[in-house]
Amino acid sequence: MNRIKRVLVTGGAGFLGSHLCERLIQQGHDVICLDNFFTSQKSNVTHLLDCPNFELIRHDITVPIWLEVDEIFNLACPAAPGHYQYNAIKTIKTSVMGAINVLGMAKRCRARVLQASTSEVYGDPEVHPQPEEYRGSVNPIGPRACYDEGKRAAETLFMDYYRMNRVNIRIVRIFNTYGPRMHPYDGRVISNFIRQALQGENVTVFGDGGQTRSFCYCDDLVDAMIRMMNAPDDFTGPVNIGNPGEFTILELAQLVIELTGASSKIVHAPLPQDDPNRRRPDIRLAREKLDWEPTVPLRQGLEKTVDWFRSIRIEDYRPPTPRY
Ligand SMILES: NC(=O)c1ccc[n+]([C@@H]2O[C@H](COP(=O)([O-])OP(=O)(O)OC[C@H]3O[C@@H](n4cnc5c(N)ncnc54)[C@H](O)[C@@H]3O)[C@@H](O)[C@H]2O)c1
């Protein structure tokens, strides 16, 4: 059970990838972090560089790479709208060519390979909460399609490599996850609110703020990804991973202002195109198959996230793209 494995984490220097690398290192595995630093920075993993079981490779996953590994977590992909819309063609290439490259490696090495898919495969859903069987409502030609359709195509590739080549795959569909090391300029709602509040700006709520989201703390998510990797081979997923607690964006804004002690006011801006109105995971399958459910309440996770944002110099982080 505790055999040391050689584990590749693509996108390993990102927000979620860096927490996953940390956990795998703690478990004693031999961890290779691969990243091109498009939406992250080396500081997310510099504290790991002295670990003898950690290795960092600067590489773009759209280009094939030859490595000998036992497991692959495929997280490389810009994930926030401002990041993935900056170069939409590169985004879909990263999902599709990245998937082909890690699947080819898994086939050759007979490695297990896990795809970090997303709740965005459900688009703007007509079904609440979203179970895995729901096929989604995605606009294939809209500004979010490069990400949503890229991730859908990656799922297709994973299933086809499984059916045609018996590659040992797993797919997790991640719902909104937050925590320390989110990029302060990624434009995601939690990082935006915290950054604005700590910098004494007003907090911008899109629309009337009545739209809802569910937020999962990063430690819970990492726990679920590792459980999925260790699950029996006949369980490929896709499986939803997220926190089913549902909050309006307005409630979130008020909580962030309270926790930061800021004097910010809430201001409203127009809703972005194709922004989903409600998003909430149905996690019955994860409970049943992985014996997993989230344990960190929103307030507690937000406190830790706010503490981390206070500990960094926000001005050291440059927006990776001009549109954030
Ligand atoms: N955080 C969430 O709420 C969430 C929700 C759903 C899915 N996901 C998925 O989880 C994964 C990680 O997301 P995150 O929130 O940590 O975002 P992130 O932007 O912090 O991490 C993505 C990482 O991938 C790297 N990357 C991007 N393109 C690359 C390429 N071509 N080659 C190599 N590396 C590349 C980036 O530099 C970054 O380090 C993504 O695949 C994302 O789609 C995240």
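Here we summarise the structure given alongside this text. What you see is a predicted model, and the numbers here were worked out from it, not measured in a lab.

1. Some remarks on the pattern of salt bridges
Taken as a whole and judged by the stated rule, the model has 20 salt bridges. Ionic pairing is found between E246 and R278, a salt bridge with its closest N-O pair at 3.0 Å. One end of the pair, E246, is in the loop between β11 (239-241) and β12 (247-248); the other, R278, is in the loop between β13 (266-269) and α8 (284-290), and 32 residues separate them in sequence. The class for E246 is partly exposed, based on a relative accessible area of 26%. One salt bridge connects R313 with E315, and the closest N-O pair in it is separated by 4.0 Å. Taking relative accessible area as the criterion, E315 reaches 57% and is therefore assigned exposed. Taken together, the salt bridges that share partners define one network made up of R112, R170 and D233.

2. Here we look at the site of the ligand
Lining the immediate surroundings of the ligand are 29 residues, of which D35, T39, S40, Y147 and T177 lie closest. In the model, a nitrogen atom of the ligand is placed 3.2 Å from a nitrogen or oxygen of the N36 side chain. In the model, a nitrogen atom of the ligand is placed 2.9 Å from a nitrogen or oxygen of the D60 side chain. Burial of the ligand by the protein chains amounts to 97% of its free accessible area of 810 Å². Broken down by secondary-structure element, the contributors of at least two residues to the shell around the ligand are α1 (15-26), β5 (112-118) and α4 (145-165). Split into classes, the residues belonging to the shell around the ligand amount to 14 nonpolar, 11 polar and 4 charged.

3. Description of the environment of A116
You can see A116 is positioned in strand β5. Those residues in contact with A116 that lie beyond four places of it in its chain are N74, L75, K151, V172 and I174.

4. Re the pairing of strand β2 (residues 30-35)
Looking along a regular strand, one sees the side chains alternate between the two faces of the sheet. A large share of β2 lies buried, amounting to 5 of its 6 residues. Inspection of the sheet shows strand β1 (residues 6-10) paired to β2 by 5 bridges, in the parallel sense. Across the sheet, residue R6 finds its bridge partner in β2, namely D30. Each parallel crossover has a hand, and the one from β1 via α1 to β2 is right-handed. Note: β2 against strand β3 (residues 54-58), 5 bridges, orientation parallel. Across the sheet, residue D35 finds its bridge partner in β3, namely R58.

5. Structural notes on the pairing of strand β8 (residues 203-206)
With burial as the criterion, only one face of β8 is covered, namely that bearing V203 and V205; the residues T204 and F206 on the opposite face remain uncovered. The pairing of β8 with β13 spans 4 bridges and is parallel. When the sheet's bridge partners are listed, T204 is paired in β13 with V267.

6. Some thoughts on the packing of helix α5 (residues 189-198) against helix α9 (residues 298-311)
Between two packed helices, the angle of one axis relative to the other and the distance separating the axes together describe the packing. Contact pair α5 / α9: the axes reach a minimum separation of 11 Å and the direction vectors enclose 55°. With respect to each other, α5 and α9 are oriented oblique. For the pair α5 and α9, the crossing hand works out as right-handed. Residue-level contacts link I190, S191, I194 and L198 of α5 to L302, T305, V306, F309 and R310 of α9.

7. Here's the deal with the packing of aromatic side chains
This model, assessed by the stated rule, comprises 8 aromatic pairs. Ring geometry for Y178 against F215: centres 6.5 Å apart, planes inclined by 85°, an arrangement best described as edge-to-face. Pair noted here: Y178 is in strand β7 (residues 177-178) and F215 is in the loop between β9 (212-213) and β10 (216-217), with a separation of 37 residues, a long-range link. Judged by its relative accessible area of 4%, F215 is buried. Seen in terms of ring centroids, Y178 and Y217 are 5.5 Å apart; in terms of plane orientation they differ by 65°. Their pairing is edge-to-face. Pair noted here: Y178 is in strand β7 and Y217 is in strand β10, with a separation of 39 residues, a long-range link. Take Y217: its relative accessible area is 3%, and that puts it in the buried class. By way of ring pairs, the aromatic residues Y122, Y134 and F175 are connected into one cluster. Residue placement shows R108 over the ring face of W66; its charged tip is 4.0 Å from the ring centre.

Scoring rules and cut-offs
Residues numbered from 1 in each chain as written. Predicted model: local features only at pLDDT ≥ 70, side-chain atom pairs only at ≥ 80, totals over all residues. Heavy atoms only, no water. Salt bridge = Lys/Arg side-chain N within 4 Å of Asp/Glu carboxyl O. Helix = DSSP H or I, 4+ residues; strand = E, 2+ residues; numbered from the N terminus. Buried < 20%, exposed > 50% of the residue type's maximum accessible area, 1.4 Å probe, protein only. Near = heavy atom within 4 Å. Polar contact = N/O pair within 3.5 Å; in protein donor to acceptor, adjacent residues only side chain to side chain. Areas by Shrake-Rupley, 256 points an atom, 1.4 Å probe, with all protein chains shown as cover. Nonpolar A, V, L, I, M, F, W, Y, C, P; charged D, E, K, R; others polar. Contact = heavy atoms within 4.5 Å. Pairing = 2+ DSSP bridges. Right-handed = clockwise from strand over helix to strand, strands pointing away. Axes fitted to C-alpha atoms, helices over the stretch in contact; angles between N-to-C directions. Parallel < 35°, antiparallel > 145°, perpendicular 65-115°, else oblique. Left-handed = near helix turned anticlockwise from the far one by under 90°. Phe/Tyr/Trp six-rings, centres within 6.5 Å; stacked < 30°, edge-to-face > 60°. Lys NZ or Arg CZ within 6 Å of the ring centre and 35° of its normal.

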